[in-house]
Amino acid sequence: MLVFSADPLRGRIIQKVLMRSRVEPLLLQTIKQVREAVSQRTPDIAIFDTAGCFREEINYLANLCGTLTQTAVILLGDGLVLEKVEGSATRRDLRLSDPLDPDLIVQKVEELLSLKVEEKRSGDDSLEDTLKGFLRLR
Amino acid sequence: MANANSIIAVIGPKGGVGKTTISANLAIALSRLGKKVVAVDLDLGASNLHAIFGIRQSKSSLDDFVQNRVASLSDIVVDTEIENVGLVCGGDVPGIANMPYQKKMKLIRHLTKLDCDVVLLDLAPGSSYNVADFSIVAQKALLVTTPEIPSLMNVYSFIKAAVFRRLLFFFKNNGALELVDLLERARDFEKYPQLKNMEGFFNAARKINSDAADSAKKIIQNLNPFLIVNRVPAKNDTKAGRIIQKMLRDFLSIESTVIKTIREDRAVGEALARMKPILLHSPNSFFAKDIEEIAREIRG
């Protein structure tokens, strides 16, 4: 899981509340770091905080949301800015407009994590079932 | 000649899973950890390990050894131009893939006497007796698969065949011939569903010969397969490995399986096209990093 925030204070707040919930996100402060992190590994969950971002950075994040099809993205920031990211693949309920609400972020992350665990489990079950079928072990 | 080398077999029960590429690069990674390595191409009849090292034509190969043109296997170790990595090129003389048993035993004897720290065997795909015999000689066998179902099926079947072969030898050597019969029945588990998994087999075996059954069970429980899942989309994507691990535990009573992953990496194709090992062509690639991690794990 990764968190991007150009605002160091907001970034640290988000990181801290998540760590209290035993989630250890990778905190990134620049778009370059985001680019490198997602090229190395697609995150299961990403939080992109648009507060303090330049227009180009917001555009980059909006485009990135469209390409991260396996990632659940939570977008944070000014309501008007989030409206402009309408074209991205982000779910409406995962766009959390200011003021920053750490508890709501944690709640959304926990929901997404349990969904991911469930997805992973059902993916494992189906591969195992297919494999057993081919090997006549069912 | 020293006789203290360690033999590592690289096995890819399904062809085309990247076994030879992994073998060549693993040899280099081990040499960088201070080991003197000889990589031996035992994909008899379809050898191409030399090509990964960029060697177009070798002066000598296993053909020379098999046809008695040289006295010792060490006479055909060629230089790869990589420090501390030697290579025995595979042969392509007709029939080499079905080497006579005595010849194979001679080759095995010579492998154990090669003057190096690690002998790395690149074995043929499938689960022929050649592959089984060479892998039994190895102190460590690395099983290479991709996350796709056909490859996973072959890996499972290979390990199952190895378990049966090991049990067969054990029961025969210990005169437990009634358990040899039971093992034969276990091969047809659709007819004998109570023998579908090893737990069922050992329960039935215990009623016949409890000492032999318990000793055999320990042998199987102590098997420690080392599985390399190649071409995974992300470093910690161990899904395929986890499933094989679970199936080995549930059906074959193998308690512990080491799983390592190698990420899908286009640097591999680029390096192969240039006939250059990835560790030299793209030392910072995912593939190179993952291979180095595996080398650290197996260096002993």
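These numbers come from a predicted model, not from an experiment.

Conventions and cut-offs
Residues numbered from 1 in each chain as written. Chains lettered and ligands numbered in written order. Predicted model: local features only at pLDDT ≥ 70, side-chain atom pairs only at ≥ 80, totals over all residues. Helix = DSSP H or I, 4+ residues; strand = E, 2+ residues; numbered from the N terminus. Buried ≥ 20, exposed ≤ 12 C-beta atoms within 10 Å, placed from the backbone. Contact = placed C-beta atoms within 7 Å. Pairing = 2+ DSSP bridges. Axes fitted to C-alpha atoms, helices over the stretch in contact; angles between N-to-C directions. Domains from an automatic or database assignment. Nonpolar A, V, L, I, M, F, W, Y, C, P; charged D, E, K, R; others polar.

Participant: Got a minute to help me understand the overall build of chain B in this structure?
Facilitator: Across its full length, chain B carries 13 helices and 8 strands. In chain B, buried positions account for 45% of the 300 residues. Counted over contacts in chain B with a minimum sequence separation of 6, partners at least 24 positions apart contribute 74%.

Participant: Explain the sheet that holds strand β3 (residues 45-49) of chain A to me, please; I cannot follow it from the model alone.
Facilitator: For sheets, the rule is that strands pair by backbone hydrogen bonds, running either parallel or antiparallel. All names here are of chain A. Within the open sheet, the 5 strands sit side by side as β2-β1-β3-β4-β5. Their pairing is parallel. Strands at the two margins of the open sheet, each flanked by one partner only, are β2 (26-28) and β5 (95-97). Going across the sheet, the axis of each strand differs from the next one's by a mean of 15 degrees, ignoring polarity. When β3 meets strand β4 (residues 72-77), the two strands line up parallel, connected through 5 bridges. Each residue of the ladder has a partner; that of Ile 45, found in β4, is Ala 72.

Participant: Explanation requested: the domain arrangement of chain B in the structure shown.
Facilitator: Where interface size is quoted, it is often the accessible area lost as the parts come together. Residue and element names in this part refer to chain B. Structurally, chain B comprises domain 1 (6-145 + 265-295) and domain 2 (149-226 + 233-256). Between domain 1 and domain 2, the contact holds 10 residues from the first and 12 residues from the second. Per-class residue counts for the side of domain 1 that touches domain 2 are 6 nonpolar, 2 polar and 2 charged.

Participant: I would appreciate a short explanation of the environment of Glu 255 of chain B in the present structure.
Facilitator: All names here are of chain B. Following the sequence through the fold, Glu 255 ends up in the loop between α10 (239-252) and β8 (258-263). When the 13 C-beta atoms within 10 Å are taken as the criterion, Glu 255 is described as partly exposed. With sequence-adjacent residues up to four places away left out, Glu 255 is seen in contact with Gln 221 and Arg 249.

Participant: What is the right way to read the interface of chain A and chain B from this model?
Facilitator: Taken together, the 12 residues of chain A in the interface contact 13 residues of chain B. Split into classes, the residues belonging to the side of chain A that touches chain B amount to 5 nonpolar, 3 polar and 4 charged.

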